[in-house]
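# Structural overview
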Amino acid sequence: LLTLIVVLCITVKAKVVLTVLSDKPITPDSDYREYRVIQLTNTMVVTLISDPNTRTASTSINVAVGSLCNPDDVLGLAHYLEHMLFMGTEKYPQENRADKYASDNDGWINAWTDDTNTNYHFLVENSALKNMTDIYAQFFISPLMRKDSLQREMLAVQSEYMMGFSVDFWPEYEMMVGNANPESPYSRFSTGSISTLNRTDIQDRLWDFYDRYYSANLITVAIIGNETLDTLQEWAEEIFTAIPNKEKTKPVFNQLPFPPGDKRYISRAIYYQPKSDKDSIKLIFPINISDYPNLS
C-alpha cells in the first residue's frame, strides 16, 4: 500500500498557475492609473490597465508575425489572414460581428499588418469591454475562414492596395522596398492583391499560416478599462486561456534590408515627387536589432 501511494504521488502533474510578472511598471509621476502584467497558463503575456476615470475601454491583441513571413508564392497572405479572422468564429459565426458590436456600443474596430507584427484592436464604451474582448479572442481560438468569405475579403485587400496609390505613404514605402537588399524578405510585395492571392488552394494556405504562427506564446495583449485590476485579470484568464500554445518560435530574419556598411543600400539620397503639395526630408538610420536585446 505504501509503495502504491508513492507511485501515485510521483505521477501527479504539477498545476500550472498564472504568474504576475509586474505590478509596478515604470510610469510618469502624474500617471494615476494602476497596472499589472500577468502571464497566463498558456504563456500569453497580458498587460492590464485600470483607469477609473476613462470613458471608453480598449483591448489590443498583437501577434509577433507579419508580412515578412509571407510565403514567396503567396505574397500578402499575412494581411489577408488579418481580414479573414473578422469573418466569423465558431462562437460568433456572423461575419463582421466585431464591427457591429462595436458600432452598437459607441466604438470602432481596426487591425493592421506590418513587417513583423499583426495587431487587432478596438475601442468601446466601458460596459461592452468584456464581451467585445471575447469576440476578438475567438479569432485565435476557433476562426471559420469559410469559402464563401474568401473572394469578398480578397477584394477588400485589393481595394486597400489600390487606394494606397492615392496617398504619399505607400509610394514612399514601396520606394524603400525597391531599394532594399533583394535577399531580405523586406524587399518583397507585402500588401497582397488579386494577382498574388487568387489561387485554388488559398483557404489551405490561410490555415497553414494560421497554424504555423498564431500561437499563445507569440501573442501579447493589453486591456484598459474602468474596472479594477482584479476584475480585468479575472476576465483575461476567462477569455484568453483557451488560446492554444503551440510553442512556436518567433520568426528571425538574418538578411537585413539595409545592411550597415554596405553602400549599395545605405549612404544614399533618393528623391521623388509627392502627390501632395509638401516638401519634406526623411533621414533613416538602419540598426541591427540584435544589438538592442531590449527592443526585440
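Refer to the structure above for everything that follows.
Criteria and thresholds
Residues numbered from 1 in each chain as written. Predicted model: local features only at pLDDT ≥ 70, side-chain atom pairs only at ≥ 80, totals over all residues. Heavy atoms only, no water. Helix = DSSP H or I, 4+ residues; strand = E, 2+ residues; numbered from the N terminus. Buried < 20%, exposed > 50% of the residue type's maximum accessible area, 1.4 Å probe, protein only. Contact = heavy atoms within 4.5 Å. Pairing = 2+ DSSP bridges. Axes fitted to C-alpha atoms, helices over the stretch in contact; angles between N-to-C directions. Parallel < 35°, antiparallel > 145°, perpendicular 65-115°, else oblique. Left-handed = near helix turned anticlockwise from the far one by under 90°. Phe/Tyr/Trp six-rings, centres within 6.5 Å; stacked < 30°, edge-to-face > 60°. Core = buried A, V, L, I, M, F, W, Y, C linked by side-chain atoms within 4.5 Å.

### Topic: the environment of L150
Within the element layout of this structure, L150 appears in helix 5 (residues 147-163). Owing to a relative accessible area of 10%, L150 belongs among the buried residues under this scheme. C-alpha separation for the pair L150 and N198, spaced 48 residues apart in sequence, amounts to 9.2 Å. Among residues more than four places away in sequence, those in contact with L150 are Y80, M84, I202, Q203 and L206.

### Digging into the pairing of strand 3 (residues 45-50)
As paired strands, strand 2 (residues 34-39) and strand 3 are joined by 6 bridges and run antiparallel to one another. Within strand 3, the position partnered with I38 by the bridge is V46. Hairpin remark: strand 2 followed by strand 3, antiparallel, with 5 residues in the connecting loop; positive phi at T43, about 80°.

### Quick notes on helix 2 (residues 77-84)
Most of helix 2 is tucked away: 8 of the 8 residues are buried. On its buried face, helix 2 is in contact with strand 5 (108-113), strand 6 (118-125), helix 5, helix 7 (194-197) and helix 8 (202-213).

### A short note on the packing of helix 3 (residues 97-104) against helix 4 (residues 129-137)
For the pair helix 3 and helix 4, interaxial distance at closest approach is 10 Å and the crossing angle is 165°. As far as their axial angle goes, helix 4 and helix 3 are roughly antiparallel. Crossing handedness for the pair helix 3 and helix 4: left-handed. On helix 4, the residues touching R97, A98, Y101 and A102 of helix 3 are N131, M132, I135 and Y136.

### Considerations on the packing of aromatic side chains
Enumeration according to the criterion identifies 15 aromatic pairs in this entry. When the centroid spacing of 5.7 Å and the interplanar angle of 85° are considered together, the rings of W207 and Y210 count as edge-to-face. Residue W207 and its partner Y210 are both found in helix 8; the two are separated by 3 residues, about one turn of the helix. Classification of W207 by relative accessible area gives partly exposed; the value is 26%. A centroid spacing of 5.3 Å and a plane angle of 25° characterise the contact between Y210 and Y214, whose relative ring orientation is stacked. Since its relative accessible area comes to 5%, Y210 is described here as buried. A network of ring pairs unites the aromatic residues F86, Y120, F122, Y136, F139, F140, W207, Y210 and Y214 as a single cluster.

### Some thoughts on the nonpolar core
Core analysis: the largest hydrophobic core is formed by 57 residues, its most contacted members being Y80, Y120, F140, Y214 and F240. If you tally residues by element for this core, the top one is helix 9 (residues 229-240), at 6 residues. In this structure, Y80 is in contact with L150, Q151, E153, M154, V157, L197, I202 and L206, ignoring residues within four places of it in sequence.

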